[in-house]
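Here are the chains, one letter per residue:
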Amino acid sequence: MRDKDAVNASLLICEMFAYYRTRGISLLDRLEELYREFGYCLNTLYSFEFEGSAGFARMQEIMAEFRKGIDAIGPKKVKCVLDYREGLDGLPKSDVLKYLLEDDCSVVVRPSGTEPKLKTYISVSAATKEDARELEKQMAEAMKSYFR
C-alpha cells in the first residue's frame, strides 16, 4: 500500500493557498510573518562515519564521553540532558542523548541503527534566518570537535 501523506499534505497546502489568497497574502508572505512573530527555526543533520570494529569501539567511546556531561554546545549552555538508554517517556531503550539548550535549541546524538555512523541533529531558534544559520554553524563546529 502506498503512503498517502504526501497527497494529504498537498491538499492542505492548496487549502492554505486558497485561504490566504482571499486575504491578499501569499504563502511566502505568511511564512515571513510567522518568522517575525515566532523567530526562525533551523534543523540540520550531520553524520560521522566509523568503519570496522575499531570504528564501532570509537563510536562507543564517543557516546560514553557525551554521557559524562558537557556544559555547552557552541555558545548555548546545556539546560538538561535526556538519556534514552533505559527508555524515557514510554519510549523503548535506545542509545540516544538529547541535549536541551538555552533559547529553544537542542542537539541529539545517536548511533545509526543500520550504518557505522554517529548522527547529530541540531535544532536552533533565532530571530532571523541569518542569525539561525550563524548559530547553527557555531554549534556544528563545536559538535564536530567531539568526533575527531
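Residues numbered from 1 in each chain as written. Predicted model: local features only at pLDDT ≥ 70, side-chain atom pairs only at ≥ 80, totals over all residues. Heavy atoms only, no water.

A. Structural view of the nonpolar core. Phe 66, Met 139 and Phe 147 are the most contacted members of the largest nonpolar core, which totals 27 residues. Listing elements by their share of this core, those giving two or more residues are strand S1 (40–49), helix H3 (52–68), strand S4 (97–101), strand S5 (105–111), strand S6 (117–126) and helix H4 (129–144). It is H4 that provides the largest number of residues to this core, a total of five residues. In contact with Phe 66, not counting residues within four places along its chain, are Leu 97, Tyr 99, Val 109, Met 143, Tyr 146 and Phe 147. (Core = buried A, V, L, I, M, F, W, Y, C linked by side-chain atoms within 4.5 Å. Buried < 20%, exposed > 50% of the residue type's maximum accessible area, 1.4 Å probe, protein only. Helix = DSSP H or I, 4+ residues; strand = E, 2+ residues; numbered from the N terminus. Contact = heavy atoms within 4.5 Å.)

B. Layout of the pattern of salt bridges. For the structure shown, the criterion picks out nine salt bridges. Close ionic contact of Glu 65 with Lys 68 constitutes a salt bridge, the shortest N to O distance being 2.9 Å. Pair noted here: Glu 65 and Lys 68 are both in helix H3, with a separation of three residues, about one helical turn. The partly exposed category is assigned to Glu 65, whose relative accessible area is 45%. With a relative accessible area of 64%, Lys 68 lands in the exposed category. Note that Arg 67 is salt-bridged to Asp 95, the shortest N-O span being 2.9 Å. Taken as a pair, Arg 67 in helix H3 and Asp 95 in the loop between strand S3 (76–83) and S4 lie far apart in primary sequence, 28 residues in all. Residue Arg 67 is classed as partly exposed on the basis of its relative accessible area, which comes to 22%. In this structure Asp 95 comes out as partly exposed when scored by relative accessible area, which is 24%. Members of the salt-bridge network, linked through shared partners, are Arg 67, Asp 83, Arg 85 and Asp 95. (Salt bridge = Lys/Arg side-chain N within 4 Å of Asp/Glu carboxyl O.)

C. Quick peek at the sheet that holds S3. Ordered in space as S1-S6-S5-S4-S3-S2, the six strands form an open sheet in which the pairing is antiparallel. Looking at which strands have only one partner, the edges of the open sheet turn out to be S1 and strand S2 (72–73). Of the pairings in the sheet, the one linking S3 to S4 comprises five bridges and is antiparallel in character. By the bridge assignment for S4, Val 81 is matched with Tyr 99. Across the sheet, H4 lies against S1, S2, S3, S4, S5 and S6, angled at about 150° from S6, the strand it touches most. (Pairing = 2+ DSSP bridges. Axes fitted to C-alpha atoms, helices over the stretch in contact; angles between N-to-C directions.)

D. Structural view of the environment of Cys 80. Mapped onto the fold, Cys 80 is located in strand S3. Along the primary structure Cys 80 and Tyr 99 are separated by 19 residues, whereas in three dimensions their C-alpha atoms are 6.0 Å apart. Setting aside chain neighbours within four positions, we find Cys 80 in contact with Lys 98, Tyr 99 and Leu 100.

E. Focus on the side chain of Lys 76. Checked against the element boundaries, Lys 76 lands in strand S3. Residue Lys 76 is classed as buried on the basis of its relative accessible area of 13%. Looking at Lys 76, its side chain comes within polar contact range of the side chain of Asp 103, at 2.5 Å. (Polar contact = N/O pair within 3.5 Å; in protein donor to acceptor, adjacent residues only side chain to side chain.)

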